[in-house]
Amino acid sequence: RTAAATPEQERLTAARSAGVLFPAGYERREEVGRGGMGVVYRARDLSLERDVAVKLLQDQYPPGSPAAGRFLDEARITGRLQHPGIPAVHAVGHLADGRPFLAMKLIRGRTLDALLKDRPHPGHDRGRFVALFEQIAQAVGYAHSEGVIH
């Protein structure tokens with residue numbers, strides 16, 4: 001026998017199913033990415049009137065789970081890193097249901113994967129991709145120099 005849900009639990013369940021659970025102070029726009037444990041949305045920071053990326057821990061991971069802990073660790077680590085190739089973290093917090101979120105600089109453009117797939121042949125625009133690879137390697141090298149391994 002399960003206990004009856006509290007009004008707060010019912011509100012959160014309804015908000016999740018309606019897809020409206022989002023951090024206060026941000027207006028959700030479209031989804032821009034999804035990974036193993038997080039989903040990223042373009043959002044509007046209402047207080048600073050700017051577009052940002054808001055990363056949420058996916059619904060299937062409860063607030064006290066190991067995934068939630070890793071998510072917060074990632075946010076704090078990324079927040080310490082100051083490099084042009086690493087998006088700045090603007091805020092870290094918790095949703096009404098306790099799951100963590102982070103707000104960071106929104107990077108506009110296409111993914112490297114999409115750019116590579118759109119080439120007519122593997123050697124096309126080689127110089128451009130070598131330059132991109134160098135930028136990525138510099139960002140990863142900086143993170144490694146700060147004790148971060150990704």
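Residues numbered from 1 in each chain as written. Predicted model: local features only at pLDDT ≥ 70, side-chain atom pairs only at ≥ 80, totals over all residues. Heavy atoms only, no water.

Trainee: Residue-level account of the sheet that holds strand E5 (residues 100-105), with values.
Mentor: Read across the open sheet, the 5 strands follow the order E1-E2-E3-E5-E4; overall the sheet is antiparallel. Since the sheet does not close on itself, it has two edges, and those belong to strand E1 (26-34) and strand E4 (89-94), each with one partner. In this sheet, adjacent strand axes meet at a mean angle of 25° when their direction is disregarded. The pairing of E1 with strand E2 (residues 38-45) spans 6 bridges and is antiparallel. Its bridge partner lying in E2, Gly33 is registered against Val40. (Pairing = 2+ DSSP bridges. Helix = DSSP H or I, 4+ residues; strand = E, 2+ residues; numbered from the N terminus. Axes fitted to C-alpha atoms, helices over the stretch in contact; angles between N-to-C directions.)

Trainee: Quick one: what's the story with the pairing of E4, residue by residue and with numbers?
Mentor: It is a general feature of regular strands that their side chains alternate between the two faces of the sheet. The sheet contact formed by E4 and E5 spans 5 bridges and is antiparallel. Directly across from Val92, in E5, lies its bridge partner Leu102. Hairpin connection of E4 to E5: 5 residues between the antiparallel strands, including Gly98 at a positive phi of 95°.

Trainee: Could you give me a rundown of helix H4 (residues 126-145), with the residues and numbers involved?
Mentor: Compared with the 28 Å implied by 1.5 Å per residue over 20 residues, the 28 Å span of H4 between its first and last C-alpha is a close match. Looking at H4, one finds that the buried residues are Phe129, Ala139, Tyr142 and Ala143. Burial along H4 is one-sided: seen end-on, the buried residues are contained in an arc of 150°. Facing away from the buried side of H4 by more than 90 degrees, the exposed set consists of Arg126, Gly127, Val130, Phe133 and Ser145. Packing partners of the buried residues in H4 comprise helix H2 (66-80) and helix H3 (112-117). Positive backbone phi, approximately 85°, marks Gly147, located one or two places after H4. (Expected span 1.5 Å × (residues − 1). Buried < 20%, exposed > 50% of the residue type's maximum accessible area, 1.4 Å probe, protein only. Arc of directions from axis to C-beta. Contact = heavy atoms within 4.5 Å.)

Trainee: I'd like a description of unusual backbone geometry, backed by residues and values.
Mentor: Phi is positive for Glu49, close to 50°, though the residue is something other than glycine. Along the polypeptide, Glu49 turns up in the loop between E2 and strand E3 (50-57). Judged by its relative accessible area of 61%, Glu49 is exposed. Residues other than glycine seldom take positive phi values, yet Asp125 does so here, at roughly 60°. Turning to its location among the elements, Asp125 is positioned in the loop between H3 and H4.

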